[in-house]
Amino acid sequence: MRMTARPENAHQSRLLHLLRDEGPQSRAELGDVVQLSRSKLALELDRLAELDLVEAAGLAASRGGRRSGIMRLSPRLRFVAFDIGASSVDVAVTNGELEILGHVSEPCDVRQGPTAVLDRALDLLGKLRDEGLIPEIHGTGIGVPGPVSFREGTPVVPPIMPGWDRFPVRDVISQELGCPVLVDNDVNLMALGELHGGLARSVDDFLLVKIGTGIGCGIVVDGTIYRGMSGSAGDIGHIRITDDGPMCACGNEGCLEAYFGGAALARDALTAARAGRSPFLAERLREAGRVTAEDVAAAAAAGDPAAVQMIREGGRRVGQVLAGLVSFFNPGLVIIAGGVAKLGHTLLAEVRSVVYRRSPPLATGNLPIVLSELGDTAGVIGATRLISDHIFAAA
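First, a word on what this report is: a plain description of the structure on this page.

About the cut-offs
- Residues numbered from 1 in each chain as written.
- Predicted model: local features only at pLDDT ≥ 70, side-chain atom pairs only at ≥ 80, totals over all residues.
- Heavy atoms only, no water.
- Helix = DSSP H or I, 4+ residues; strand = E, 2+ residues; numbered from the N terminus.
- Rg over C-alpha atoms; globule rule 2.2 N^0.38 Å.
- Buried < 20%, exposed > 50% of the residue type's maximum accessible area, 1.4 Å probe, protein only.
- Contact = heavy atoms within 4.5 Å.
- Areas by Shrake-Rupley, 256 points an atom, 1.4 Å probe, with all protein chains shown as cover.
- Lys, Arg positive; Asp, Glu negative; His and termini not counted.
- Charge placed at Lys NZ, Arg CZ, Asp CG, Glu CD.
- Polar contact = N/O pair within 3.5 Å; in protein donor to acceptor, adjacent residues only side chain to side chain.
- Phe/Tyr/Trp six-rings, centres within 6.5 Å; stacked < 30°, edge-to-face > 60°.
- Lys NZ or Arg CZ within 6 Å of the ring centre and 35° of its normal.

Moving on, we come to the overall build of the protein chain. Scanning the protein chain for helices and strands turns up 14 helices and 15 strands. A compact globule built from 395 residues should have a C-alpha radius of gyration of about 21 Å, and the protein chain, at 23 Å, falls within 12% of that. For the C-alpha atoms alone, the extent of the protein chain along its principal axes is close to 75 × 50 × 40 Å. In the protein chain, which comprises 395 residues, the share counted as buried stands at 55%. Sequence separation of 24 or more characterises 62% of the internal contacts of the protein chain that already satisfy a separation of 6 or more. For the protein chain, the exposed surface amounts to about 17,500 Å²; the carbon and sulfur share of it is 49%. Here the protein chain holds 39 positive side-chain charges and 47 negative ones, and the gap between their average locations is 3 Å.

Before going further, it helps to spend a moment on the side chain of Lys-210. With respect to the secondary-structure elements, Lys-210 resides in strand β11 (residues 206-211). Polar side-chain contacts of Lys-210 include one of 2.7 Å to the side chain of Asp-186. Look past the residues within four positions of Lys-210 in its chain and what remains in contact with it is Asp-186, Val-187, Met-190, Ile-215, Gly-216, Ala-337 and Gly-338.

Tracing the sequence through the fold places Ser-278 in the loop between α8 (262-274) and α9 (279-288). Judged by its relative accessible area of 0%, Ser-278 falls in the buried class. A polar contact is formed between the side chain of Ser-278 and the backbone nitrogen of Leu-281, at a distance of 3.1 Å.

Here we come to the packing of aromatic side chains. Throughout the structure, instances matching the rule amount to one aromatic pair. Centroid distance Phe-79 to Phe-392: 5.8 Å. Interplanar angle 75 degrees. Geometry classified as edge-to-face. On the criterion of sequence distance, the pair formed by Phe-79 in strand β4 (residues 79-84) and Phe-392 in the segment after α14 (378-391) is long-range, its members being 313 residues apart. Phe-392 sits in the buried class, given a relative accessible area of 0%. Above the plane of the ring of Tyr-259 lies Arg-317, whose end atom (NZ or CZ) is 3.9 Å from the centre.

Spelled out as structure tokens, the structure:
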């Protein structure tokens, strides 16, 4: 494996993070932030240029004296993201500033197992490589829809990922691509995506709730992902909200996910269609032979009362769990994301109503609860943020 160049000290690391997050900067602007002498700053930047991590990019406007040189990250830097969901896989490549240069996605059932799914991800990466977007890969971030041992780079007893337990995802892909690789839970990566380029850019403490096939929560404390001791922090889909509810994929009854994950919503939609409570969903069932969470969204948008009621009931249950989290954690922001979150403002209104009603006024007085604006890119941006943080850390 060719070793990716790394910064040699904390000053160089800080400069790389600034250039990633803020874009090209003049030497004078960088000096203002990192508070180094002109000679020391020049020494560090020259060394980063020798490592092929930064380069000069012209001159800045004069600030009253000699014009300062502009520095930027090397345009050759490339980071890759694999965002593996329960029912799809997304692959993207970014430059050093985490701007998406190429992004491909296709349906893929995670239950096919790690070998089949990772092969599909590598095939998609091959398409981006064929477009000339990837002269070299400096690092890869991977998200999977289940608990992860971050230290080992492996999924750990993931409820909806049969065959993935302890599979060495990090080591397999690192050997395949010849670059450093980090693996994390997909919801954590979505939270990192929001932190980098979404609604949480200026918020240090927030929750990202993903409602898709499963339900999970990314927890950001002081600008850093909180993973817990074994990597299962934020697994709120398996918080039990009733003692005698529907069976969940984890083997317990009455979990939040068993009431309002994507599979649960499809189950309830099928019941409504067969019982004649929803003409819209009954028609979809006749046409396609099945109904999905997306069909519920379409039915609600068309004013179907049964679909609207399903969304409101699900939002109420999510709000019930979220109210406890807000009271405990006191976040500065809550972001709702994921496929089921595309149910939109009907869902959001119900979640807000329950949280604001059940949580203490001190915790919710200035608490925005919003829908993600990053959509399908949050996970891939977060994956490249994760690996770039690693590469830009001092060796």
